[in-house]
Every structure is written in C-alpha cells, then in structure tokens.
Amino acid sequence: MIIFDVRNAAGELQTLELPTDINLSLMEVLKASEYPIAATCGGMALCATCHIEVLKGAEKLGPPTDAELDMIDTLPHATAHSRLACQIRLGEQLNGAVIVLKG
Ligand code: FES
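Overview of the structure.

Cut-off values and rules
- Residues numbered from 1 in each chain as written.
- Predicted model: local features only at pLDDT ≥ 70, side-chain atom pairs only at ≥ 80, totals over all residues.
- Heavy atoms only, no water.
- Salt bridge = Lys/Arg side-chain N within 4 Å of Asp/Glu carboxyl O.
- Helix = DSSP H or I, 4+ residues; strand = E, 2+ residues; numbered from the N terminus.
- Buried < 20%, exposed > 50% of the residue type's maximum accessible area, 1.4 Å probe, protein only.

Looking at the pattern of salt bridges
Pairs may arise between side chains of opposite charge once their charged atoms sit close together.
Right, on to step 1. Here the structure, examined in full by the defined rule, presents 2 salt bridges.
Right, on to step 2. With a closest N to O distance of 3.7 Å, K102 and E53 form a salt bridge. Taken together, the residues span a long stretch of sequence, with K102 in the segment after β5 (98-101) and E53 in strand β3 (residues 51-56) at a distance of 49 residues.
Right, on to step 3. Take E53: its relative accessible area is 9%, and that puts it in the buried class.
Right, on to step 4. In this structure, E68 and R83 form a salt bridge, with 2.7 Å as the shortest nitrogen-oxygen distance. Here the residue E68 occupies a position in helix α2 (residues 66-73), and R83 occupies one in strand β4 (residues 82-84), the gap between them amounting to 15 residues.

Shown next, in the form of structure tokens:
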C-alpha cells in the first residue's frame, strides 16, 4: 500500500491509502478521490490547477522537470515546496508524504 496525507482547503488532514499497482499520476488520484482539482490541461504541466505543496517527503519524489518548474515560476503564491501533482507518479516514493492542495 501507498499511504500519505492530504490537507484539504478546510485545513483537515486526510490519509489516502492506495494500492501500489495503479499507474496514475498524483493529480489523477486526487481527482478520483474527489478533491477539487480542475486539471484543465489534462496533466500537461500547463494549467497549474493541480498545484500542491509537498510539506514532507519531497526529497523522495525526485526533482521537478523544467516544464514543471517553468509553470510553478508563473504562480504568484508558489513556495519552495510547490509541485504540480500531474507530474508526480503514484508510487512507493509517496509513502509518508504530506501534501497540501493549493489549486
Ligand atoms: S493538470 Fe494542468 S498543470 Fe497539472
């Protein structure tokens, strides 16, 4: 299982538990879990509606791509913890992570 925590817009921390064998991005998992992510670009790193902050476990996710960094750079409220959920694959590296939805 892959287990990580998500803080929603109301500030509530919720734990997601997912099987390791589903080939989805973190954005797709969050949408499927009914978090309010528009994902208007369909996961192409072009809309930033899947903006999240990774407060714990970011070092295990690998560095963002140039396309992801370029998009994050356009966000006025981006922080050093900012990532695009569509650019993160669901996998064991998310175990123990804490993410915050930024939209
Ligand atoms: S879904 Fe558009 S940037 Fe991630």
